[in-house]
Amino acid sequence: MTAIPFTPEVSTGAFRVWQRNRDATLRNWKTEFLGIAIEPFAIILALGLALGRFVELESGEEYVEFLAPGLLALFPMFAATFECAWGSYVRLEMQGTYESIIATPISVDDVITGEILWGTTRSLVNGSYILLVAFLLNPWLHMVDSPWAVLAIPVGVLPGLLFSSISISFASIARAMSHFAYFFNLVINPMFWFGGAFFPFDDLPRWFQIVGWFVPLKHVVDIYRGLIAGELAWSMLGSLAWLAVATVAFYLLAVRLMRRRLIH
Amino acid sequence: MTSVLIEARGLVKHYGDFVAVDGVSFDIREGECFGVLGPNGAGKTTTIRMITATSPVTQGQLSVAGLDVGTEPRQVKAVLGVVPQEDNLDPDLLVRQNLEVYARYFGLGRERVRQRIDEALALFQLDDRARSNVDDLSGGMKRRLTIARALVNDPRVLILDEPTTGLDPQARHLVWQQLRLLKSRGVTMLLTTHYMEEATHLCDRLVIMHRGRILIEGRPHDLIAEVAGPQVLELRLPAAERDALLAEFPQGDGVSMEQVEDLTYVFGGGRASLLAAERVSDPHRAHLRPGNMEDVFLLLTGRGLLD
């Protein structure tokens, strides 16, 4: 019996898997595009402008300005999680897509890597679009203060990889579609509310901030907040490092779990 | 001299305490169709999964085209074409895209396989469905597309795991025709099936597996002659008449009988079977027919013998 190497064994096959997902998505590009196109407008209108009228921040900024980095972090996170939680599970379990791919020279590690890269791609497309909308609305809403904000796109690779890896790790242990209720209710929803997107953390009790440190989204929002405001701080590098470590950990976990699921 | 494409020696697969495959050895030679028969749970699919490098071998040697499956899984999979038991075509892609994207998994670009895909679509009578959704295809079309997909990398061995299960007779015969055509073109095949007719017609050699072991190996017609005999007499008679009739058969001499509920089988009865069939009070209660693969299969894996 051959020992299974701990390090992922990845080839160009990962890119083939990415191409498969791209082709499948482009087939339905109209429906895909519609969802992405309307989302940021709806949320800016509803939360930023409608709800924002009732919110007064200590910093004096408009709520919609405060919200911008949060939206830039949240919606790409959703794009990655939907793709690599539901989407991957459907491909794994309902469609047998993984099974058909690993019958070719492509390995399980390639499949997982390709899936994560695709989830990351979707989150980057989503993030770029939100940033574009924010720029376009800038004359009226002043959501972006600094050109540094553009850096949010390359930086976004990291949370894209992280949230894709977390999601596919869960997909690899899920036994039914209904199990995703646990994932979305226990992991993604709390992150949505307590990831620092909707309210400032600074004035909250200390225990709240400690908990916040463990929430991946909080680090993403912190980095984007700095970039969008043009206020660069060393703590942003810390957050970047936190995300990098978590990404590697969850990527390795995803590969291990999916090998166990598919190779037996 | 024909070369051996798949070589298994003492192949074992454990799942915890459960032994799914218990030391099987076989050779699959270039150009032949090799069948694996066996009841559900016999270890057929597990054996296939080991060959396709999606299930680690617990013990024993397994090589494909001279490559060790454990150490060179990618190279092994590159020379195989796999038709799984359940269709796993890509419903997110159109019919033709299914073949193109699959070819890309083998590192074959669209241009390189254009002609091969055209041919495959024509051969499997799918050329007018090239732009269809996979979900709109009938069961038979999906099967044919799955086989076409498995050929897209021009494999050295085509592995078919129950290729016609769940198809209606028309669709099944069409698939058989196409598999015969592939065979005549020299495609090497490994086939598992529950249809004895399929095995008899398509396979040059076959093994019957049971509880993880190979019970018998040989050419279908040799196995039938050897195990079931040229003729089988089926009787459905009242006990008294049956016993009187059976007493007429010569003892030993290769004659065997089997009682299943109210049905009696007599194997290897030869001339005595012929005479018995004529003497039965009601001719509808006796049926003399050629031995077949199903007899071989049931005799070896199913029921105990009477004698």
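Cut-offs applied
Residues numbered from 1 in each chain as written. Chains lettered and ligands numbered in written order. Predicted model: local features only at pLDDT ≥ 70, side-chain atom pairs only at ≥ 80, totals over all residues. Helix = DSSP H or I, 4+ residues; strand = E, 2+ residues; numbered from the N terminus. Rg over C-alpha atoms; globule rule 2.2 N^0.38 Å. Buried ≥ 20, exposed ≤ 12 C-beta atoms within 10 Å, placed from the backbone. Contact = placed C-beta atoms within 7 Å. Expected span 1.5 Å × (residues − 1). Axes fitted to C-alpha atoms, helices over the stretch in contact; angles between N-to-C directions. Parallel < 35°, antiparallel > 145°, perpendicular 65-115°, else oblique. Left-handed = near helix turned anticlockwise from the far one by under 90°. Pairing = 2+ DSSP bridges. Core = buried A, V, L, I, M, F, W, Y, C linked by C-beta atoms within 7 Å. pLDDT = per-residue confidence, 0-100.

Helix and strand counts for chain A stand at twelve helices and zero strands. What you see in chain A, going N to C, is helices and strands ordered as α-α-α-α-α-α-α-α-α-α-α-α. Taking 18 Å as the expected radius of gyration for a compact globule of 264 residues, we find that chain A reaches 19 Å, a close match to that expectation. Projected onto the principal axes, the alpha-carbon positions of chain A cover approximately 65 × 40 × 35 Å. Relative to its 264 residues, chain A shows a buried fraction of 44%.

A tally of regular secondary structure across chain B gives eleven helices and 14 strands. Referenced to the eigenvectors of the C-alpha coordinate spread, the extents of chain B come out at roughly 75 × 45 × 40 Å. For chain B, the residues scored as buried account for 42% of the 307 residues in total. Taking the contacts inside chain B whose residues are at least 6 apart along the sequence as the reference set, 70% of them involve residues at least 24 apart.

In this section: helix 12 (residues 234-262) of chain A. Residue and element names in this part refer to chain A. In a regular helix each residue adds 1.5 Å, so 29 residues correspond to 42 Å; helix 12 covers 42 Å between its end C-alpha atoms and thus fits that length. Looking only at helix 12, the buried set comprises Ser239, Trp242, Leu243, Thr247, Phe250, Tyr251, Ala254, Val255 and Met258. Those residues of helix 12 that are buried are in contact with helix 5 (108-136), helix 8 (157-173) and helix 11 (216-229).

What follows is about the environment of Leu227(A). Residue and element names in this part refer to chain A. If you trace the backbone, Leu227 turns up in helix 11. C-alpha separation for the pair Leu227 and Pro69, spaced 158 residues apart in sequence, amounts to 8.7 Å. Residues contacting Leu227, with those up to four places away along its chain left out, are Trp148, Ala149, Leu151 and Ala152.

With that out of the way, let us pick up the interface of chain B and chain A. Between chain B and chain A, the residue contacts involve 25 residues of the former and 22 residues of the latter. Of all the secondary structure elements, the ones that give two or more residues to the side of chain B that touches chain A are helix 2 (73-78) and helix 3 (95-105) of chain B. Broken down by element, the residue count for the side of chain B that touches chain A peaks at five residues, all from helix 3 of chain B.

All names here are of chain B. Remark: helix 3 packs on helix 4 (residues 110-123), axes separated minimally by 10 Å, with the N-to-C direction vectors making an angle of 135 degrees. Between helix 3 and helix 4, the interaxial angle falls into the category oblique. Crossing angle aside, the handedness with which helix 3 passes helix 4 is right-handed. On helix 4, the residues touching Arg96, Leu99, Glu100 and Ala103 of helix 3 are Arg110, Val113, Ile117 and Ala120.

This paragraph deals with the pairing of strand 4 (residues 59-64) of chain B. In the case of a regular strand, side chains alternate between the two sheet surfaces. All names here are of chain B. Pairing of strand 1 (residues 4-15) with strand 4 involves five bridges; the strand directions are antiparallel. Within the sheet, the bridge partner assigned to Arg9 lies in strand 4 and is Gln61. Note: strand 4 against strand 5 (residues 67-68), two bridges, orientation antiparallel. When the sheet's bridge partners are listed, Val64 is paired in strand 5 with Leu67. From the end of strand 4 to the start of strand 5, which pair antiparallel, there are two residues, and Ala65 there has a positive phi angle of about 50 degrees.

Moving on: the sheet that holds strand 4 of chain B. Residue and element names in this part refer to chain B. Here four strands make up an open sheet; going across it, the order is 2-1-4-5 and the pairing antiparallel. Bordering the open sheet on either side are strand 2 (18-29) and strand 5, each of which pairs with just one other strand. Seen against the sheet, helix 1 (residues 44-51) touches strand 1, strand 2 and strand 4 and runs at an angle of roughly 120 degrees to strand 1.

This part takes up the nonpolar core. Grouped together as the largest cluster of nonpolar side chains are 148 residues, with contacts concentrated most on Ala73(A), Tyr224(A), Val64(B), Ala148(B), Val157(B), Ile159(B) and Leu190(B). Top contributing element to this core by residue count: helix 3 (residues 63-94) of chain A, with 16 residues. In contact with Val64(B), not counting residues within four places along its chain, are Leu5(B), Ile6(B), Ile51(B), Val69(B), Val76(B), Val79(B), Leu80(B) and Val157(B).

As a further point, take the confidence of the model for chain B. Across chain B, pLDDT averages 92, with 98% of residues at or above 70. In the predicted assembly, ipTM is 0.90 and pTM is 0.92.

Residue and element names in this part refer to chain B. Even without being a glycine, Asp154 presents a positive backbone phi close to 50 degrees. Inspection of the secondary structure puts Asp154 in the loop between helix 5 (139-150) and strand 7 (157-161). Its identity is not glycine, yet Glu261 carries a phi of approximately 50 degrees, on the positive side. With respect to the helices and strands, the residue Glu261 is situated in the loop between strand 12 (256-260) and strand 13 (263-267). A tally of 6 C-beta atoms within 10 Å means that Glu261 is categorised as exposed.

Another aspect to go through is the sheet that holds strand 8 (residues 188-192) of chain B. All names here are of chain B. Read from one edge to the other, the open sheet built from six strands follows the order 6-7-8-3-9-10, with strand pairing classed as mixed. Looking along the sheet, the strands with just one partner apiece sit at the ends: strand 6 (80-83) and strand 10 (213-218). The average undirected angle you get between the axes of adjacent strands in this sheet is 15 degrees. The sheet contact formed by strand 7 and strand 8 spans five bridges and is parallel. Within strand 8, the residue paired with Ile159 across the bridge is Leu190. Contacts between helix 11 (residues 293-301) and the sheet are confined to strand 3 (33-37), strand 9 (205-210) and strand 10, with strand 9 contributing the most and set at about 30 degrees to the helix.

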